[in-house]
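# Analysis of the macromolecular model
Below are the chains, spelled out letter by letter.
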Protein chains: 2
Amino acid sequence: MAFQYLTNVPLQQAKEEYLQLLIKNGLQPEEETVPVQEACGRITSQAVYAHICAPHYHASAMDGIALKASKTFGAGETTPVHLAKEDYITVDTGDPLPEGCDAVIMIEDVIEEENGGVCLYAPAAPWQHIRQIGEDICAGEMILASHVKISPSAIGALIAGGVLEIPVIRRPRVAIIPTGDEIIPPTADPAPGDILEFNSSIFSAMLREWGADPVTFPIVPDDFDKIRQAVSDAAAQCDIVLLNAGSSAGREDYSKDVIAKLGGVLYHGIAIKPGKPAILGYIQNKPVLGVPGYPVSGIIVIEELLKPVIEYCCGLKFQRPQYVQAVLSRNVVSSLKYQEFLRVQTGRVNGRLVASPLNRGSGVVSSFMKADGMLEIPQGCEGCEAGEEVSIRLLRPLEDLEHTVIAIGSHDPLLDELANLLHLNYPELYMSSSHVGSMGGIMAVRRGETHLAGIHLLDEQDGTYNTSYIKKHFPNGGVRQVECVGRTQGLMLTRGNPLHIASIKDLAGENIRYVNRQKGSGTRILIDYLCRKENLDTSRIYGYDREEFTHTSVAAQIASGSADAGMGIYSAARLYDLDFLPICTEQYDLLIPDSAWELPAVQDLIRTMQTEEFRTRLEELGGYSLDQPGRVRQHF
Amino acid sequence: MAFQYLTNVPLQQAKEEYLQLLIKNGLQPEEETVPVQEACGRITSQAVYAHICAPHYHASAMDGIALKASKTFGAGETTPVHLAKEDYITVDTGDPLPEGCDAVIMIEDVIEEENGGVCLYAPAAPWQHIRQIGEDICAGEMILASHVKISPSAIGALIAGGVLEIPVIRRPRVAIIPTGDEIIPPTADPAPGDILEFNSSIFSAMLREWGADPVTFPIVPDDFDKIRQAVSDAAAQCDIVLLNAGSSAGREDYSKDVIAKLGGVLYHGIAIKPGKPAILGYIQNKPVLGVPGYPVSGIIVIEELLKPVIEYCCGLKFQRPQYVQAVLSRNVVSSLKYQEFLRVQTGRVNGRLVASPLNRGSGVVSSFMKADGMLEIPQGCEGCEAGEEVSIRLLRPLEDLEHTVIAIGSHDPLLDELANLLHLNYPELYMSSSHVGSMGGIMAVRRGETHLAGIHLLDEQDGTYNTSYIKKHFPNGGVRQVECVGRTQGLMLTRGNPLHIASIKDLAGENIRYVNRQKGSGTRILIDYLCRKENLDTSRIYGYDREEFTHTSVAAQIASGSADAGMGIYSAARLYDLDFLPICTEQYDLLIPDSAWELPAVQDLIRTMQTEEFRTRLEELGGYSLDQPGRVRQHF
């Protein structure tokens, strides 16, 4: 049942040897001919030469008269030349030069005479005011070299040069074969145990961006012969085959054995994390890759091991990824055995780029979507320390990151709504938020990692919110406490409240399963306080140690039936149509350091909080009270 | 017949007022719904929320046994807990958590007993080794905000969140109407006076890159009613209309009058060069632009005036263009009246980025294709001086420019072949060349503008090539004279030599029309010398002042019948199937400054010159002799 990895080969070595082997087996860019109008963005497969000159005829460059220049020789202020009407021909700009003519005189310099002739006070130089044949492009000249990308203006030059069809590199056709007994096509209504097959959609989109042509095959069950048949068919029809194994144990063995049977396997197991169980195989000159089933692992394998092959087949050296230096916000531990790829969120805080690691789970596709960059920790390195300057491979344009407001702190769906309105009202601005709880937010502000933190921290002594915490953690000031919303906290309960929970005390009841928020979150601090006030020993509450990171995920657990109650805000309960027992209204503020307050982007965010749209949207969500959002309560 | 411009309004003002007016008239982004698999690269029209949780069921995160955690409480090294086979269920990774269970124990920690039960030496915490519902995405959470670009991983997150169709901004449909009596569809065999219609192909490709959907209409002749009908039809079918007037006089008046009649015109005439005769019009909420006919003018107008409109309709703030500082290589004069857009070639020479202006002709589409960047000279500025540091808007990635070998000097088609082979052998490298003649090349090396210059300069005193010129212009050395090829120079003559030209002397014959190369070119120096040697007064040669910049364009003039003879290399004569009277074999060398010689890219170029492929290709072109290309003849 255990995985059998043959190798733990370093990434760079695997990449190079694999491509060399494929080229030795006969892999090469393929060619096709396309109409030039459809060639934008394609790559030339060979040098392209002009068939005709542009312009393809001698054209008048002015409105005026065309004539033989020699007839005007000797003309001057005092020695005008008179020409009969047979000696010249009237022309407009773009007209072909009439036979026997070799110059054009501008109409402004021509004096018309009564007999239909003209009088000239200056001689014409041969070939003046004429766009000569080939001024732009000469027949036989190279318009485009081999293996270059065709731009819009190149299309113009090609047509001007009489090239109407162009040999380009054929997009490599890539078969994607999803396998697995539990895998089902995308649906909005899956049964428990069904695993939605979305890897092929992610891989297809990546491949299209790189200039390949993906073809997704039907899902194949976990059966050696069926997988063998599918791979064999795919290799016959396509240039490259991806076998997307499921994640359950033993699956990769089928993949490896099938590929080995039909062709060969160079390596099974690469020293990267995530992505280790990759298989680098081939059937003759066709690459056949075994790609791990977890989406994040799959994406890394496709990026690191398939992309160089696609690049070669496209005849193109892709742009090198852009790297920036950033300060790491937290310690990161890495395995010595693997090169590790860690997704980070990045933004400019207090003048420096800060990189904050995201969830590492390889099943968590949303973390890839939220990632701004990738920290690559080399094999043999134990990790990186908080505050260390690290090199980050950018996944989004640096310019976007420079215009991103970072929120790290307490979770509330209103942050997403605020991000949405901010970007709608100020299209160049973005906002990214991570949910680490109110105390996590305060620490992030102290460490200079964030522009703002949502906080709602109850002072048990006097019943106030946030102020005393800020005073304690920022004894030298330098931050603003900014009003955001009041929100209703309470107990989210199974729809219909079948267990008749009516108070905090009831949470200790037999058969009642609680689901909690993580330590350090304002909501956890609140429930701890409420229990203490009721003299309730929290060890008596079943599930008190079960921690979720957002209001929404607490609500999702209750809605799924795996818990009966959890503390949270009204809007989350409403989202899942749960019963709700209101406990208190708390003050959700934004904590903003002075350095961030000055930023135009943060000021635009404050303005967005003051809009009617924001107020309306929060009313729709429910459970919020708005007084003067954006008002500075206190400047410390 | 003269153009009637109503205005000379500054670009920025025109841009802003136009967009404001269109929005006031009701222009807005439109929406459509697409399957999520086809949504990559599209822009969300509204915020998108998850329909289901991901995972959508509680899944085992390990291979092992599932059970109720409370049954294991109290287990320890000395107090093992024994469970009957009814108390647990074996699960694999990904399996749904069985009813009544809330924990998974790894198979490694399970001791199987003979009765089918198991023994545990440690308690299970509730929810350990379980991927809980919503771990990745919770139902109701915002997956994507409004007006953001959909990435491959976002497609995965959407499908995981049960979103199978997604509202995106509909690509604005843009009608392109080519007009003009002489305009014909692309063909490789146009008649004199025909103007190939390729603007619509350039504009379509640009529009597609920006996310719009171009529709090219049939060519409309210069007829007010027909143009009116076409614009009216286009406005009914599309969101935006481009009326691509021809370049001949009076044409724009139709465009302006048609647009004014069907809707309104905000401005006719913008203070930009090229691009002045643009028309900013509208029919209700639909933008209708009059775009000048010269391709370069049209491209500038589309870029500067249409792109912001497309951007608005796409709901997207495009990436700001990248600017770099570069040293200008030559003086540039600009009109005070206009903001001028000047195309430049750019590369890093001797540690600094150098920008060399390209041909300004607005009919010259090849110069746009060759441009690396754009120098924008503000309205009210007289120009820029050589050596001045200027800001260049990049048209190619900076990384490509950093890897471009620059050749400025004498023209030879072998340079294009060399560029082609260099890029094929070293995909990250490019080579760009400008043709300014041998003396121009020497000056470019002196000014530090180029990595190398092709030169073939005859010393009339001793019959040697290049050496004495290098000594004179580089008295302090610092350059290498590198062997390239020997090439046959001679007289290119009309096919069949009907005028029986048999010597240089014959060029002065009656009825013989010569076409020359520009002053400073090695070939001009050669013909000047040959005439002097024959005591031939060049003023007696008709057309001696008619100057072309390349061998190929001289050949093109002779082939077109507008000249009878011209000095040039054998390969150019052969390309046009002309007669050829060999005069001498000259030495075509490369002049390379020391700072460039050290560069890996230049060394790769030298290696490319030494390849068998280069030799073979030059044999195909004909008229070249190769001894040891790439050998340093002399280091000064």
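Structure report, in brief. (Residues numbered from 1 in each chain as written. Chains lettered and ligands numbered in written order. Predicted model: local features only at pLDDT ≥ 70, side-chain atom pairs only at ≥ 80, totals over all residues. Heavy atoms only, no water.)

### What to know about the overall build of chain A
For chain A, the count of helices and strands is 17 helices and 38 strands. Scaling as 2.2 N^0.38, a compact globule of 636 residues should have a C-alpha radius of gyration of about 26 Å, whereas chain A reaches 35 Å, well beyond that. Across its three principal axes, chain A shows a C-alpha extent of roughly 120 × 70 × 45 Å. Within chain A, buried positions represent 58% of all 636 residues. Here chain A has roughly 24600 Å² of accessible surface; of this, 49% comes from carbon and sulfur atoms. When the 54 positive and 81 negative side-chain charges of chain A are each reduced to one mean point, those points stand 10 Å apart. (Helix = DSSP H or I, 4+ residues; strand = E, 2+ residues; numbered from the N terminus. Rg over C-alpha atoms; globule rule 2.2 N^0.38 Å. Buried < 20%, exposed > 50% of the residue type's maximum accessible area, 1.4 Å probe, protein only. Areas by Shrake-Rupley, 256 points an atom, 1.4 Å probe, with all protein chains shown as cover. Lys, Arg positive; Asp, Glu negative; His and termini not counted. Charge placed at Lys NZ, Arg CZ, Asp CG, Glu CD.)

### Observations regarding the sheet that holds strand E7 (residues 103-106) of chain B
Residues and elements named next belong to chain B. In spatial order, the strands read E6-E4-E7; together these three strands make up an open sheet with antiparallel pairing. Each edge of the open sheet carries a strand with a single partner, namely strand E6 (89-91) and E7. Recorded for the sheet is a direction-independent mean angle of 35 degrees between the axes of neighbouring strands. Examined bridge by bridge, strand E4 (residues 64-67) and E6 share three bridges and lie antiparallel to one another. Counted as the bridge partner of Gly 64 is Val 91 from E6. (Pairing = 2+ DSSP bridges. Axes fitted to C-alpha atoms, helices over the stretch in contact; angles between N-to-C directions.)

### Focus: helix H2 (residues 152-160) of chain A
Within H2 of chain A, nine of the nine residues are buried, which leaves the element mostly enclosed by the surrounding structure. Among the residues of H2 of chain A, Pro 152, Ser 153, Ala 154, Ile 155, Gly 156, Ala 157, Leu 158, Ile 159 and Ala 160 of chain A are the ones counted as buried.

### What to know about the packing of helix H9 (residues 413-425) of chain A against helix H17 (residues 612-621) of chain A
Residues and elements named next belong to chain A. At a minimum axis separation of 11 Å, H9 and H17 run at an interaxial angle of 150 degrees. What the angle tells us is that H9 and H17 run roughly antiparallel. Relative to H17, the crossing made by H9 is right-handed. Within the contact between the two elements, H9 uses Leu 414, Glu 417, Leu 418, Leu 421 and Asn 425 and H17 uses Glu 613, Phe 614, Arg 617, Leu 618 and Leu 621. Taken together, the residues of the contact of H9 with H17 break down into six nonpolar, one polar and three charged. (Parallel < 35°, antiparallel > 145°, perpendicular 65-115°, else oblique. Left-handed = near helix turned anticlockwise from the far one by under 90°. Contact = heavy atoms within 4.5 Å. Nonpolar A, V, L, I, M, F, W, Y, C, P; charged D, E, K, R; others polar.)

### Some details on the pattern of salt bridges
In this structure the tally under the stated criterion is 62 salt bridges over all chains. Arg 447 of chain A is the partner of Glu 449 of chain A in a salt bridge, and the nearest nitrogen-oxygen pair spans 2.4 Å. Judged by relative accessible area, which is 2%, Glu 449 of chain A ranks as buried. Under the relative-accessibility criterion, Arg 447 of chain A is labelled partly exposed at 42%. The closest approach of N and O atoms between Arg 524 of chain B and Glu 547 of chain B, which form a salt bridge, is 3.1 Å. (Salt bridge = Lys/Arg side-chain N within 4 Å of Asp/Glu carboxyl O.)

### Observations concerning the packing of aromatic side chains
For the structure on display, the rule yields five aromatic pairs over all chains. Considering the side-chain rings of Tyr 514 of chain A and Tyr 544 of chain A, the 5.6 Å spacing of their centres and the 15 degrees angle between planes classify their relative orientation as stacked. With Tyr 514 of chain A in the loop between strand E32 (479-493) and strand E33 (516-517) and Tyr 544 of chain A in the loop between helix H12 (522-533) and strand E34 (547-548), this pair connects stretches of sequence that are 30 residues apart. Like Tyr 544 of chain A, Tyr 514 of chain A is buried. Looking at Arg 546 of chain A, its charged tip hangs above the ring of Trp 127 of chain B, at a distance of 3.5 Å from the centre. (Phe/Tyr/Trp six-rings, centres within 6.5 Å; stacked < 30°, edge-to-face > 60°. Lys NZ or Arg CZ within 6 Å of the ring centre and 35° of its normal.)

### Remarks on the relation of the copies chain A and chain B
The operation relating the pair of chain copies consists of a rotation about an axis and a translation along that axis. Expressed as a screw transformation, the operator carrying chain A onto chain B has a rotation angle of 180 degrees and an axial translation of 0.0 Å, and the superposed copies differ by an RMSD of 0.1 Å. Those values place the two copies in the arrangement expected of a two-fold rotation axis. Judged by C-alpha distance, Glu 209 of chain A is the residue of chain A that lies nearest the rotation axis, at 6.4 Å. Taken together, the interface assignments show that 100% of the residues at the interface of chain A recur at the interface of chain B, consistent with an identical surface on both copies. (Least-squares fit on C-alpha atoms with pLDDT ≥ 70 in both.)

### Digging into unusual backbone geometry
Residue Pro 55 of chain A is bonded to the preceding Ala 54 of chain A through a cis peptide linkage, with omega at -5 degrees. Residue Lys 273 of chain B is joined to Pro 274 of chain B through a cis peptide bond whose omega torsion reads -5 degrees. Structurally, Pro 274 of chain B is set in the loop between strand E19 (272-273) and strand E20 (279-283). Positive phi outside glycine occurs at Asn 497 of chain B, with the angle close to 45 degrees. As for its placement among the helices and strands, Asn 497 of chain B is situated in the loop between strand E32 (479-493) and strand E33 (516-517).

### Here's the deal with the interface of chain A and chain B
Taken together, the contacts link 103 residues of chain A with 103 residues of chain B. For the pair chain A and chain B, the summed buried area comes to about 8400 Å², and 60% of that belongs to carbon and sulfur atoms. Across the chain A-chain B interface, the total number found is two salt bridges. As a salt-bridge pair, Glu 399 of chain A and Arg 320 of chain B come within 2.7 Å of each other at their nearest N and O atoms. Linking chain A with chain B are 30 residue pairs in polar contact (both at pLDDT 80 or more). Take the side of chain A that touches chain B: its biggest share by element is eight residues, from H2 of chain A. Of the residues that constitute the side of chain A that touches chain B, the class distribution is 54 nonpolar, 28 polar and 21 charged. (Buried area = accessible area lost by both parts, 1.4 Å probe. Polar contact = N/O pair within 3.5 Å; in protein donor to acceptor, adjacent residues only side chain to side chain.)

### Points about the sheet that holds strand E16 (residues 213-216) of chain B
Residues and elements named next belong to chain B. Overall, mixed pairing links the six strands, which are arranged E16-E13-E17-E21-E20-E18 in an open sheet. Of all the strands in the sheet, just E16 and strand E18 (264-268) have a single pairing partner and so form its edges. Going from strand to strand, the sheet's axes swing by 20 degrees on average, the running direction of each strand aside. Both strand E17 (residues 240-244) and strand E21 (residues 286-291) contribute to a ladder of four bridges, which runs parallel. From the neighbouring strand, Leu 242 faces E21, where its bridge partner is Leu 289. Where helix H4 (residues 224-237) meets the sheet, its contacts fall on strand E13 (173-178), E17, E20 and E21, and the angle it forms with E13 comes to roughly 170 degrees.

### Details of helix H6 (residues 295-313) of chain B
Residues and elements named next belong to chain B. Of all the bends in H6, the greatest reaches close to 45 degrees and is centred on Leu 306; the proline Pro 308 follows between one and four positions later. Counted residue by residue, H6 has 16 buried out of 19 residues, so it is predominantly covered. Downstream of H6 by one or two residues, Gly 315 has phi in the positive range, about 65 degrees. (Bend = angle between axes of the 7 residues up to and from the residue.)

### Things to note about the environment of Ile 202 of chain A
Residue and element names in this part refer to chain A. Mapped onto the elements of the fold, Ile 202 is located in helix H3 (residues 199-209). With relative accessibility at 0%, the residue Ile 202 sits in the buried group. Considered as a pair, Ile 202 and Glu 141 are 61 residues apart in the sequence and their alpha carbons are 43 Å apart.

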